[in-house]
Amino acid sequence: MIKKAIILCGGTGSRMFPATKTTNKQLLPVYDKPMFYYPLSLLMLIGIKNFLFIINKGQKENFLKSIGSATDLGINIEFKEQSKPNGLPEAFILGENFIGKDSVLMILGDNFFYGNMLSPLIKDSLSTKKGANIYLYPSKNTSAYGVVELKKNGEISKIVEKPIFTKSNLVITGMYTFDNNVIKYAKKLKPSKRGELEMVDLINIYKKKNNLNLIKLGRGSAWLDVGNYDDLFSASSFIKNIEDRQDYKIGCIEEIALNNKWINKHNIKNRIKFNNNSNYSKYLKGLI
């Protein structure tokens with residue numbers, strides 16, 4: 001069972017300039033919470049408690065101010081500053097000490113996942129002891145992502161990065177699990193023409209070794225790459241609509257920790273103080 005996760009919160013955020021000129025985009029609000037709360041909450045929901053945040057230089061203090069006491073959330077958080085973004089697989093090189101001899105999940109800090117059946121589906125996939133899992137979602141916008149093309153028998157035909165044309169609509173979302181071999185595989189990668197280590201190259205290593213598993217996130221689930229203003233607005237509207245109609249919060253890390261019995265009422269009271277006299281605090285008061 002995977003017990004460690006890397007949340008990737010680096011990058012230049014250039015698609016969201018000027019708002020991200022002075023801060024990580026993952027700190028921007030998506031409705032009433034920082035963007036990174038959503039991937040963090042998903043991983044807490046499936047039982048992961050140990051996290052490494054990979055962030056830009058000089059941003060640690062901002063993340064600490066945003067998250068508050070990890071103890072009051074019943075989780076452990078480490079930070080690793082990245083001098084400059086060199087591609088997603090670099091996370092496994094930077095996180096070598098954190099990963100140790102374990103398997104690891106990695107999720108992008110600007111990815112939003114939602115769905116009633118998502119948690120059990122992902123949680124079940126964490127029991128994979130060998131190889132890698134990639135999580136696929138049907139999308140019309142295939143030219144913006146890595147795409148998996150399948151044979152008629154359902155086996156993988158090929159994986160292509162941002163294809164101009166493809167018959168497949170299965171894109172690779174920003175969540176992955178890997179066994180411990182990922183560290184040595186990442187170190188062997190060569191930069192692409194973009195000058196970065198490519199996730200598709202890393203995934204293809206597992207494919208060639210027949211150690212790649214596909215997890216399809218189908219109907220009843222939602223996935224958004226909140227890396228531009230349009231998707232940021234869409235995600236905020238989506239969250240607000242659901243919260244207004246169903247009277248519960250999406251991505252409330254305190255509620256998840258309480259339901260998991262990682263924390264108690266005393267910790268919730270501390271979090272209420274941390275969030276001051278906000279609507280978020282009012283919701284937390286309702287939990288106790």
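Note: the structure precedes this text.
Everything quoted here is computed from the prediction, not taken from an experiment. (Residues numbered from 1 in each chain as written. Predicted model: local features only at pLDDT ≥ 70, side-chain atom pairs only at ≥ 80, totals over all residues. Heavy atoms only, no water.)

Colleague: Help me out: how do you make sense of the packing of aromatic side chains in this one?
Modeller: Centre-to-centre distance and the angle between the planes together describe a pair of aromatic rings. Summed over all chains, the structure comprises 16 aromatic pairs. Note on Phe112 and Tyr114: the rings are 6.5 Å apart at their centroids and 5° apart in plane angle, and the pair reads as stacked. The class of Tyr114 is partly exposed, set by a relative accessible area of 21%. One residue, Lys4, lies across the ring of Phe98, its end atom 5.7 Å from the ring centre. For the cation-ring pair, Lys249 lies above Tyr283, with the distance from its terminal atom to the ring centre recorded as 5.8 Å. (Phe/Tyr/Trp six-rings, centres within 6.5 Å; stacked < 30°, edge-to-face > 60°. Buried < 20%, exposed > 50% of the residue type's maximum accessible area, 1.4 Å probe, protein only. Lys NZ or Arg CZ within 6 Å of the ring centre and 35° of its normal.)

Colleague: How should the nonpolar core be read in this particular structure?
Modeller: Nonpolar side chains in soluble globular proteins generally cluster together in the buried interior. Formed by 50 residues in total, the largest nonpolar core has its most connected members in Phe36, Leu40, Leu43, Phe51, Phe53, Leu105 and Met175. Sequence-distant contacts of Phe36, defined by excluding residues within four places in its chain, comprise Cys9, Gln26, Leu27, Phe53, Phe63, Ser66, Ile67 and Gly109. If you look at the next biggest cluster of nonpolar residues, it comprises 33 residues, including Ala91, Ile156, Leu170 and Leu197. (Core = buried A, V, L, I, M, F, W, Y, C linked by side-chain atoms within 4.5 Å. Contact = heavy atoms within 4.5 Å.)

Colleague: What is the right way to read the pairing of strand 1 (residues 4-9) from this model?
Modeller: Every regular strand shows the same layout, with side chains that alternate between the two sheet faces. In terms of residue burial, strand 1 counts as a mostly covered element, since six of its six residues are buried. Here strand 1 shows two buried faces, one formed by Lys4, Ile6 and Leu8 and the other by Ala5, Ile7 and Cys9. Pairing analysis gives six bridges linking strand 1 to strand 4 (residues 50-56), with the strands arranged parallel. Its bridge partner lying in strand 4, Cys9 is registered against Ile55. With four bridges connecting them, strand 1 and strand 6 (residues 104-108) associate as parallel partners. Within strand 6, the position partnered with Leu8 by the bridge is Leu108. (Helix = DSSP H or I, 4+ residues; strand = E, 2+ residues; numbered from the N terminus. Pairing = 2+ DSSP bridges.)

Colleague: Would you mind showing me how to read helix 7 (residues 199-208) here?
Modeller: Because each turn of an α-helix spans 3.6 residues, side chains separated by three or four positions end up pointing in the same direction. Here helix 7 has its buried residues at Met199, Val200, Leu202, Ile203, Asn204 and Tyr206. Count one or two residues on from helix 7 and you reach Asn210, which has phi positive near 55°.

Colleague: How do you make sense of the pattern of salt bridges when you look at a structure like this?
Modeller: If the charged atoms of two oppositely charged side chains come close together, the side chains can form a pair. Taken as a whole and assessed by the stated rule, the structure comprises 13 salt bridges. Close ionic contact of Lys187 with Glu96 constitutes a salt bridge, the shortest N to O distance being 3.0 Å. Of this pair, Lys187 sits in helix 6 (residues 182-188) while Glu96 sits in helix 4 (residues 96-99), and the two are 91 residues apart along the sequence. With a relative accessible area of 32%, Glu96 lands in the partly exposed category. (Salt bridge = Lys/Arg side-chain N within 4 Å of Asp/Glu carboxyl O.)

Colleague: Would you mind going over the environment of Lys162 with me for this structure?
Modeller: Take Lys162: it is sitting in the loop between strand 10 (156-161) and strand 11 (170-178). Looking at Lys162, the relative accessible area reads 40%, which means it is partly exposed. Through-space distance from the C-alpha of Lys162 to that of Ala144 is 5.1 Å; in sequence the pair is 18 residues apart. For Lys162, the contacting residues outside a window of four places in its chain are Thr142, Ser143, Ala144, Tyr145, Gly146 and Arg194.

Colleague: Sorry, what's going on with helix 1 (residues 37-45) here?
Modeller: Burial analysis of helix 1 places eight of its nine residues in the buried class, which makes it a mostly covered element. Inspection of helix 1 places Tyr37, Tyr38, Pro39, Leu40, Ser41, Leu42, Leu43 and Met44 among the buried residues, and these make up the whole buried set. In the stretch just after helix 1, Gly47 is the one whose phi turns positive, near 100°.

Colleague: How should I be thinking about the environment of Lys190 in this particular structure?
Modeller: Topologically, Lys190 is positioned in the loop between helix 6 and helix 7. Residues Lys190 and Ser168, spaced 22 residues apart in sequence, show a C-alpha to C-alpha distance of 27 Å. Each residue touching Lys190, except ones within four places of it in the same chain, is listed here: Glu196 and Leu197.

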